[in-house]
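Topology and contacts: notes
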Amino acid sequence: MQDKTHLVDHITGHRRMRRNRKADWMRRLVQESRLTVDDLIWPIFLVPGSGIVDPIASMPGVNRMSVDKAVEAVKEAADLGIPAIATFPNIEMDLRDQTGSHILEANNLLNQATAAIKKAVPNIGVITDVALDPFTSHGHDGILREGEIVNDETVDQVVRAAILQADAGSDIIAPSEMMDGRIGAIRHGLDAAGHQSVGIMSYATKFSSGYYGPYREAISTAGLLKGDKNSYYVNPANGTEAVRDAALDVEEGADMLMVKPGLPYLDICWRLKEAFSLPVFAYQVSGEYAQIKAAGMNGWIDESRVMMETLLCFKRAGCDGILTYFAVEAARRLAKG
Ligand SMILES: NCc1[nH]cc(CCC(=O)O)c1CC(=O)O
């Protein structure tokens, strides 16, 4: 029996939060969120050629891979239990033009990779983006006419690209170009082409962010892009607008929603999860990855610990999964237990 009364007893009374934290078994028992390998989607970068594994300077540990190497890497990811990948191509400069017309080439790098991956690793999901930025000479996600990204013409092209990607074997179309009406138009186009079972993961709320820098190096659009994407991406200041944008995508037939970037936008993840009965994903983007890597490489943070913490925090914020360049590393760490 304690005979001495501490000042703090008047405040805590019988309420002691630390009772539930006192031992590892107890902490495991009351843990609310968990990260598993089933939560991970791995984005990869593709280049033409064969035998190529080309490191991306601003994303240490991430490479651009030719299709043959990508197939090997994806096999490993599938063996680790990662459910899905997302592909982004670095298209040769002389194939890029004002309208991104090469996205309509049935056998382009992206579609080649999809077909090869689905053939070699049929049990992993392939998610493909239909934004035009890897294919345009100006690095914008849509068709540029007289200084403006034209909405409806871009949507027409995106729908045709989506059908070709589905033809190549893509399981989920993920449109990231934020044009109005794209989800409904893609759904319509896919269905008319007999692709009823191909899903749509909407980049429902994609913010106009500085965190995309290393990605633009990875697909070589950094040097091409003039101006910003503020006329089609969401202003980072706006949460209510983001929810409204997602609501339209839900109405138009999105199967899943995505928030991008991730960590600075956890409030949006939470709001979407509360507002809609759809799976919500976060994209931990290239700049977030680069920050963690850079600090880790300098010995300023424990990189692996911060990686796992950030991924768990997405789960706590209501996400059903995370697109992350850490997917393979995280899956390995989860497998170790
Ligand atoms: N459609 C554009 C696109 N597709 C993927 C990313 C970013 C991914 C990342 O940073 O990891 C972006 C953003 C942009 O360049 O504006």
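Refer to the preceding data block for the structure.
Residues numbered from 1 in each chain as written. Predicted model: local features only at pLDDT ≥ 70, side-chain atom pairs only at ≥ 80, totals over all residues. Heavy atoms only, no water.

1. Looking at the site of the ligand
Around the ligand, a shell composed of 18 residues is seen, among which S176, R216, K260, S286 and Y325 lie nearest. Between the ligand and S176 there is a distance of 2.7 Å, counted from a nitrogen atom to a side-chain nitrogen or oxygen. At a separation of 3.1 Å, a nitrogen atom of the ligand approaches a polar side-chain atom of K206. When the ligand is considered free in solution it has 400 Å² of accessible area, and contact with the protein chains removes 100% of it. In this structure the site holding the ligand corresponds to the largest cavity. For the shell around the ligand, the class distribution of residues is 9 nonpolar, 2 polar and 7 charged. (Near = heavy atom within 4 Å. Polar contact = N/O pair within 3.5 Å; in protein donor to acceptor, adjacent residues only side chain to side chain. Areas by Shrake-Rupley, 256 points an atom, 1.4 Å probe, with all protein chains shown as cover. 1 Å grid on protein atoms, 1.4 Å probe; cavity = no way out; pocket = protein on both sides within 12 Å on 5 of 7 lines; lining within 4 Å. Sits in = over half its atoms within 2 Å of the grid points. Nonpolar A, V, L, I, M, F, W, Y, C, P; charged D, E, K, R; others polar.)

2. Focus on empty space enclosed by the protein
Within the structure shown, the criterion is met by 2 cavities of 30 Å³ or more. Computed from the structure, the largest cavity encloses a volume of approximately 110 Å³. Forming the boundary of the largest cavity are 15 residues, of which K206, Y212, Y215, Y233 and K260 lie nearest the centre. Residue composition of the lining of the largest cavity, by class: 6 nonpolar, 2 polar and 7 charged. Around the second largest cavity sit T87, F88, P89, L110, D129, A131, D133, P134, F135 and Y215, which together line it. Among the elements that line the lining of the second largest cavity, the one with the most residues is strand 4 (residues 84-89), at 3 residues. Class assignment for the residues of the lining of the second largest cavity results in 7 nonpolar, 1 polar and 2 charged. (Points joined across faces, edges and corners; volume = space filled by probe spheres on them. Helix = DSSP H or I, 4+ residues; strand = E, 2+ residues; numbered from the N terminus.)

3. Details of the nonpolar core
Ranked by size, the top nonpolar core spans 104 residues in total, and within it W42, I44, F45, I117, I186, M201 and L272 carry the most contacts. If you tally residues by element for this core, the top one is helix 3 (residues 67-80), at 7 residues. Excluding residues that lie within four positions of it along the chain, L272 makes contacts with T205, V243, A246, L257, V259 and V280. (Core = buried A, V, L, I, M, F, W, Y, C linked by side-chain atoms within 4.5 Å. Buried < 20%, exposed > 50% of the residue type's maximum accessible area, 1.4 Å probe, protein only. Contact = heavy atoms within 4.5 Å.)

4. A look at the environment of L35
With respect to the secondary-structure elements, L35 resides in the loop between helix 2 (24-30) and strand 1 (40-46). Classification of L35 by relative accessible area gives buried; the value is 13%. Sequence separation of L35 and K315 is 280 residues, and the distance between their C-alpha atoms is 6.8 Å. Setting aside its immediate chain neighbours within four residues, L35 contacts L40, M308, L311, L312, K315, I322 and L334.

5. Comments concerning the packing of aromatic side chains
In this structure the tally under the stated criterion is 12 aromatic pairs. Judged by centre distance (6.2 Å) and plane angle (40°), the ring pair of F45 and F88 falls under tilted. Here F45 is found in strand 1, whereas its partner F88 is found in strand 4, with 43 residues between them in sequence. Each member of the pair, F45 as well as F88, is classed as buried. Seen in terms of ring centroids, Y289 and F326 are 4.6 Å apart; in terms of plane orientation they differ by 45°. Their pairing is tilted. With a gap of 37 residues between them, Y289 in helix 10 (residues 286-297) and F326 in the loop between strand 12 (321-324) and helix 12 (327-336) connect regions that are remote in the sequence. Under the relative-accessibility criterion, Y289 is labelled buried at 2%. (Phe/Tyr/Trp six-rings, centres within 6.5 Å; stacked < 30°, edge-to-face > 60°.)

6. Looking at the packing of helix 8 (residues 240-252) against helix 9 (residues 266-275)
Between helix 8 and helix 9, the shortest axis-to-axis distance is 10 Å and the interhelical angle comes to 45°. Taken as axis vectors, helix 8 and helix 9 run oblique relative to one another. Of the two elements, helix 8 crosses helix 9, and the hand of that crossing is right-handed. Across the interface between the two elements, T240, A242, V243 and A246 from helix 8 touch I268, R271, L272 and A275 from helix 9. Taken together, the residues of the contact of helix 8 with helix 9 sort by class into 6 nonpolar, 1 polar and 1 charged. (Axes fitted to C-alpha atoms, helices over the stretch in contact; angles between N-to-C directions. Parallel < 35°, antiparallel > 145°, perpendicular 65-115°, else oblique. Left-handed = near helix turned anticlockwise from the far one by under 90°.)

7. Structural notes on helix 5 (residues 151-168)
Taking 1.5 Å of rise per residue, the 18 residues of helix 5 would be expected to cover 26 Å, and the 26 Å separating its terminal C-alpha atoms lies within 8% of that figure. Among the residues of helix 5, T154, V155, Q157, V158, V159, A161, A162, L164, Q165, A166 and A168 are the ones counted as buried. On its buried side, helix 5 packs onto helix 4 (109-120), strand 5 (125-129), strand 6 (143-145), strand 7 (148-150), strand 8 (172-174) and helix 6 (182-192). Trailing helix 5 by a residue or two, G169 shows a phi angle of about 120°, which is positive. (Expected span 1.5 Å × (residues − 1).)

8. A look at helix 12
Three or more residues of helix 12 are buried, namely A327, V328, A330 and A331. Looking down the long axis of helix 12, one finds its buried residues gathered within 160° of arc, a one-sided arrangement. The positive-phi residue at the C-terminal boundary of helix 12 is G337, with phi of around 85°. (Arc of directions from axis to C-beta.)

9. Digging into the packing of helix 4 against helix 5
Each pair of packed helices can be summarised by the angle the axes make with each other and by the distance between the axes. In the contact formed by helix 4 and helix 5, the axes pass within 8 Å of each other and the chain directions differ by 30°. Classified by the angle their axes make, helix 4 and helix 5 are roughly parallel. For the pair helix 4 and helix 5, the crossing hand works out as right-handed. Taken together, the residues of helix 5 that come into contact with helix 4 (itself represented by L110, N111, T114 and A115) are L164, Q165 and A168. Of the residues contributing to the contact of helix 4 with helix 5, the split by class is 4 nonpolar, 3 polar and no charged.

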